[in-house]
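Structural characterization, general
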Amino acid sequence: RNMLEEEVVKKFYGENELRRMYLEFFESKGHLKMNSFSLVPHNDNSLLLINAGMAPLKPYFTGQEIPPRRRVTTCQKCIRTGDIENVGKTARHLTFFEMLGNFSFGDYFKHEAIAWSWEFLTKVLGLEEDRLYPSIYGEDDEAFDIWTKEVGVPAERITRFYRDPETGECDNFWEHGAGPCGPCSEIYYDRGEKYGCGKPDCKVGCDCDRFMEVWNNVFTQFEGDGKGGYTELSQKNIDTGMGLERLAVVMQDVDSVFDIDTMKAIRDKVCELSGKSYQKDALDDVSIRLITDHIRSATFMISDGILPSNSGRGYVLRRLLRRACRHGRLLGIAPGFLTELAQTVIDGSKDGYPELEEKQEFIKKVIRKEEEQFDKTIDQGLGILTEMKENMVKEGIKTLSGSDAFKLYDTYGFPIDLTKEILEEEGMDVDEEGFKAAMEVQREQARKMRKTTNYMGADVTVYESIDPSITSKFVGYDHLEYESKITVLTTEE
């Protein structure tokens, strides 16, 4: 009994422990462990925020920069907001997540990548071999041979994924337009029938939660022309990605990412502050999950120097904080709660990200200010929106006009997304095109107002704005050279 209990205890690993184990394992395989890059992309205008583990390493893959070592391992902070509308509504979607990765820039390839992925999962973490199911790109016989002949996985447990005959797309072939690309080999873990759909043909590739992808080896071996033509690359690369939260779900045998240790701590704090219990009320659960996710994202974004604003990544941050504020109100939490939750995030993740603790006062100050600012306007805005909804019901219309949506935004600080979200809960929507048109009218008026004219009706120049007491005297009649002090400098002509 004691031996059995000891074995069970060994298999429960916290998120911080898993991160450390992964990085140390690949360090033992000659990889350079690098700290997570900032969420703010460096010299990459294609991304607003880092959204994948390999994204900051693109210059090494393309050859633009020489990597510090040809073998690298990281745990990268990532944010994706494409599915933000589903965050909270499901137990799967997150905006912030961590991506474990081991990378090879022209060094090792399929043999080592496959062997090490299997070794880490089975020997280091102790996962049962008969519950692990590799997948390969349909035509990648090389990967199939490595799995069967070198690793020893029975052929019947390997799934081949082929291209869709109509679209030509395949989940197991990584490519984005023209450029480096290649086949993938994933590893799925069978979590058991209790997570399944109950169908007799449930297997790898099913949409249910039974078979969870825990590892993805990407073999970058081709140069694609974007039209279906591929040539072999002279320098082949490895890009491995594994979601840390997903791995924690498997190792802790919990229902979802919101149940793993670090996220459960935040979730429990939300419940404590609201006096609500998780999984007692479906609507409450949406708010609890949304706040849990959004405060993680906001805390990490601010630690990387992102501040709330009305554009770009600053708007993403503001939107996350304001959504969390509103859902806090729906749960009946008193205003000012987000700073307390941020501390829970910091306490749970400082092991892997010590900068969170170093910047904790700054992080909480930014959150506190944004929350106070939103609280000043939200009550008025909610009151006006309630009136607008009542009028819409009386008039039998389902779409809020763009001008009304803009009034809420311009006067009460209500982002269009928040207005849209509140209305959707009542089966209504917003005239977004009308909102954009009203926004453009305001911008044009602002541009015109900035254009000041003088009493002659001409535009005021920078020279006419200089303090009249500042004068200059021409001395060229008496001197060919002269030293003088510059008191005003402008780049305008």
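About the thresholds
- Residues numbered from 1 in each chain as written.
- Predicted model: local features only at pLDDT ≥ 70, side-chain atom pairs only at ≥ 80, totals over all residues.
- Heavy atoms only, no water.
- Axes fitted to C-alpha atoms, helices over the stretch in contact; angles between N-to-C directions.
- Helix = DSSP H or I, 4+ residues; strand = E, 2+ residues; numbered from the N terminus.
- Parallel < 35°, antiparallel > 145°, perpendicular 65-115°, else oblique.
- Left-handed = near helix turned anticlockwise from the far one by under 90°.
- Contact = heavy atoms within 4.5 Å.
- Nonpolar A, V, L, I, M, F, W, Y, C, P; charged D, E, K, R; others polar.
- Buried < 20%, exposed > 50% of the residue type's maximum accessible area, 1.4 Å probe, protein only.
- Phe/Tyr/Trp six-rings, centres within 6.5 Å; stacked < 30°, edge-to-face > 60°.
- Lys NZ or Arg CZ within 6 Å of the ring centre and 35° of its normal.

Following both chains from N to C, one finds helix H2 (residues 15-27) and helix H6 (residues 244-252) inclined at 110 degrees, their axes separated by 10 Å at the closest point. The pairing of H2 with H6 is recorded here as roughly perpendicular in orientation. Note on packing geometry: the crossing formed by H2 with H6 is right-handed. Facing H2, whose interface residues are Glu15, Leu18 and Arg19, H6 presents Leu244, Glu245, Leu247, Ala248, Met251 and Gln252. Here the contact of H2 with H6 is built from residues that sort into five nonpolar, one polar and three charged.

Let us now look at unusual backbone geometry. The backbone of Asp253 shows a phi angle near 50 degrees, a positive value even though the residue is not glycine. By the secondary structure assignment, Asp253 is in the loop between H6 and helix H7 (261-274). Not every positive phi belongs to a glycine, and Gln279 is a case in point at roughly 65 degrees. By secondary structure assignment, the location of Gln279 is in the loop between H7 and helix H8 (282-303).

Take H6 next. Extensive coverage of H6 is indicated by the burial of eight of its nine residues. All of the buried residues in H6 are Leu244, Glu245, Leu247, Ala248, Val249, Val250, Met251 and Gln252.

This paragraph deals with the packing of aromatic side chains. For any pair of aromatic rings, the description rests on two quantities: the centre-to-centre distance and the angle between the ring planes. Enumeration according to the criterion identifies 24 aromatic pairs in this entry. Between the aromatic rings of Tyr22 and Trp215, the centroid separation amounts to 5.8 Å while the plane-to-plane angle is 50 degrees, which identifies the pairing as tilted. Residue Tyr22 is located in helix H2, and its partner Trp215 is located in strand S8 (residues 211-224); the two are separated by 193 residues in the primary sequence. Joined through ring pairs, the aromatic side chains of Tyr22, Phe25, Phe26, Tyr108, Trp116, Phe120 and Trp215 make up one cluster. The positively charged end of Arg157 is found above the aromatic ring belonging to Tyr133, 5.3 Å away from the centroid. Stacked on the ring of Tyr195, the Lys or Arg Arg191 has its end atom at 3.7 Å from the ring centre.

Remember, this is a structural readout, not a statement about activity or role.
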